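Overview (structure and organization)
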Amino acid sequence: MGSVREKRGRLFFDFRYRGVRCREQTALTDTASNRKKLEKLIDKIEAEITLGTFDYARYFPGSKNASRFVRPVAASGTKAVQDTPLYREFAETWFTENRPAWRNSHCATIRSTLDRHLIPAFGEQPVGEITKAGILAFRARLVEVPGRSGNPGLSAKTVNRIIQIHGQILGEAGERYDFTNPVDRIKRLKQQRVDIHPFSMAEVRSLIDTVRPDYRPYLIVRFFTGLRTGELHGLQWRYVDFERRQILVRRNLVRGRLETTKTDGSQREVDLSQPVLEALQVQHEATAGLSDFVFCNAAGAPLDLDNVNNRVWFPLLRYLGLARRRPYQTRHTAATLWLGAGENPEWVARQLGHSDTTMLFKTYSRFVPNLTRRDGSAMERLLAGQITSHRDAHSGVGAVPASNNATTPH
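Just so you know, the residues in each chain are numbered from 1, in the order the chain's sequence is written. Reporting in this predicted model follows two pLDDT cut-offs: at least 70 for local features of residues, and 80 or more for side-chain atom pairs to be given and counted; totals over whole chains, interfaces and linings ignore these cut-offs and use all residues. Excluded from the side-chain calculations are hydrogens and water; all other atoms, namely the structure's heavy atoms, are used.

Taking an unreviewed UniProt entry as the reference, the protein is identified by name as DUF3596 domain-containing protein belonging to Spectribacter hydrogenoxidans. Heading Sequence similarities (unreviewed entry) of the UniProt record for the protein holds this comment: "Belongs to the 'phage' integrase family." UniProt positions are given in the numbering used here, feature names are shortened, and annotations may be inferred rather than shown by experiment.

Shown next, in the form of structure tokens:
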């Protein structure tokens, strides 16, 4: 942010333009009146820098910086390239303008992406001069950035997300400064399909029977409601309707803070099976007088996922000799168990917070043969007794007698 400062009794401007710190001396003495006059002027300069309309030579014609910041001429030699703000300046403006509409978790993701990747790579470039070639080179470097847990590079999903945010920023800049968004001409990387590893019913029973008693209701609710981790850890007693046998999913715990659900579709009512209802009744006796949260620690605070993982979940898997899996697999388990039991896919989709059944068929079909009838049994049952086999047609066995009024074909 620019400011008006004093040196040897004279006032000067101190601001940044295109990544360069600029100081411009004035002949005005340090008085309240002069400061007020120059502060109005620096505010105007800052506004024009943000809008990309600042002309250095117009404000400071005698400055050595005036020639330094002259914009280059376009390749045709007939039209000057429009002056646009630096990427880091416009990115901050975009972030500030959009922040009120974002959930805290999304805001943190955007902030991290800007600080770790986008601003270091493009911060000192004017937004109107960022090219498709430059973005492709940046994306190629991202693939080499070490990922989490020692992965050799960032996943295609993460890289696509970074480029998507980059495209949103440049798209907004393009509308304001009349240039084409270069990200629009870049195809997304192909994302590898992530395999899911749900538990079998036998494994679920072993986990529930073996876990320490105070976590037994927690696992029952996890396995048989399909709640996401944040939805479960953020569940409060006021959203448990024992009379209607429902959980009202209204909040999500993200980074220790309660937020609205991930999407509007995620706000839903989850029906309670008898085991879940009984588990919640047991849990109510344990924590209802201690906390607003259904599942909480001894201090009444919501459970911390890392603590649950390290002290309960992963030790339990090791003890039972089960493959290491994230607790999120309990959600996939609920879906496959419901579908395998023959529940209506539309009901299952509503339980999970999906807008339709597309995700069900795409994600879970291979775990539930009856969902797609790949064994042909459905057609066998349909045809049984309806169509005469070739063998029976010749032997007369099993043929359906024709009515007296039927016409025999020739």
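Phi is positive for arginine 8, which is not a glycine, with a value near 55°. Strands are runs of DSSP state E lasting at least 2 residues, helices are runs of H or I lasting at least 4, and numbering of each runs from the N terminus. Along the polypeptide, arginine 8 turns up in the loop between β1 (3–7) and β2 (10–17). Working definition: with a 1.4 Å probe on protein chains only, accessible area under 20% of the residue-type maximum means buried, over 50% means exposed, and in between means partly exposed. In this structure arginine 8 comes out as exposed when scored by relative accessible area, which is 79%. Positive phi values are uncommon outside glycine, yet arginine 255 reaches one of about 55°. With respect to the secondary-structure elements, arginine 255 resides in the loop between β6 (251–254) and β7 (257–260).

When DSSP finds at least two bridges between two strands, those strands are taken to pair. Taken in spatial order, the 3 strands make up an open sheet running β4-β5-β8, and their pairing is antiparallel. Bordering the open sheet on either side are β4 (240–241) and β8 (268–271), each of which pairs with just one other strand. With 4 bridges connecting them, strand β5 (residues 246–249) and β8 associate as antiparallel partners. The partner of isoleucine 247 across the bridge, within β8, is valine 270.

This part is about the pairing of strand β3 (residues 20–29). Looking at chain direction, β2 and β3 are connected through 7 bridges and run antiparallel. Bridge pairing links arginine 10 to threonine 29 in β3. Count of turn residues in the β2/β3 antiparallel hairpin: 2 residues, of which arginine 18 carries a positive phi of about 55°.

Here we come to the nonpolar core. Counting 36 residues, the largest nonpolar core has Leu219, Phe223 and Ile247 as its most contacted members. Listed by contribution, the elements that provide at least two residues to this core are α8 (201–210), α9 (216–225), β5, α11 (274–287) and α12 (305–320). Apart from the residues lying within four places of it in its own chain, the contact partners of phenylalanine 223 are Phe199, Val204, Leu207, Ile208, Trp313, Thr330, Thr333 and Ala334. Grouped together as the second largest cluster of nonpolar side chains are 29 residues, Cys107, Ile110, Ile169 and Val183 included. What we call a nonpolar core is a set of buried Ala, Val, Leu, Ile, Met, Phe, Trp, Tyr and Cys residues that are connected through their side-chain atoms within 4.5 Å. Should any heavy atoms of two residues lie within 4.5 Å, those residues are counted as being in contact.

Pairing in this open sheet of 3 strands is antiparallel, and the strands run β1-β2-β3 from one edge to the other. Unpaired on one side and paired on the other, β1 and β3 mark the two borders of the sheet. Direction aside, the axes of adjacent strands within the sheet are offset by 30° on average. Pairing of β1 with β2, which is carried by 5 bridges, proceeds in the antiparallel orientation. Paired with arginine 5 across the two strands is phenylalanine 12, which belongs to β2. Lines fitted to C-alpha atoms define the axes, with helix axes restricted to the stretch in contact, and inter-axis angles between N-to-C directions lie between 0 and 180 degrees.

Moving on, we come to the packing of aromatic side chains. Think of it this way: a Phe, Tyr or Trp ring, Trp meaning its six-membered ring, pairs with another when their centres are within 6.5 Å, and the plane angle makes it stacked under 30 degrees, edge-to-face over 60, tilted otherwise. The final tally for this structure, using the stated rule, is 22 aromatic pairs. Ring centres of tryptophan 237 and phenylalanine 242 lie 6.3 Å apart, and the angle between their planes is 25°; this geometry places the pair in the stacked category. By relative accessible area, tryptophan 237 is classed as buried at 12%. Stacked on the ring of phenylalanine 95, the Lys or Arg arginine 111 has its end atom at 4.7 Å from the ring centre. Think of it as a cone above the ring: NZ of Lys or CZ of Arg counts as a charge over the ring if it is within 6 Å of the ring centre and within 35 degrees of the ring normal.

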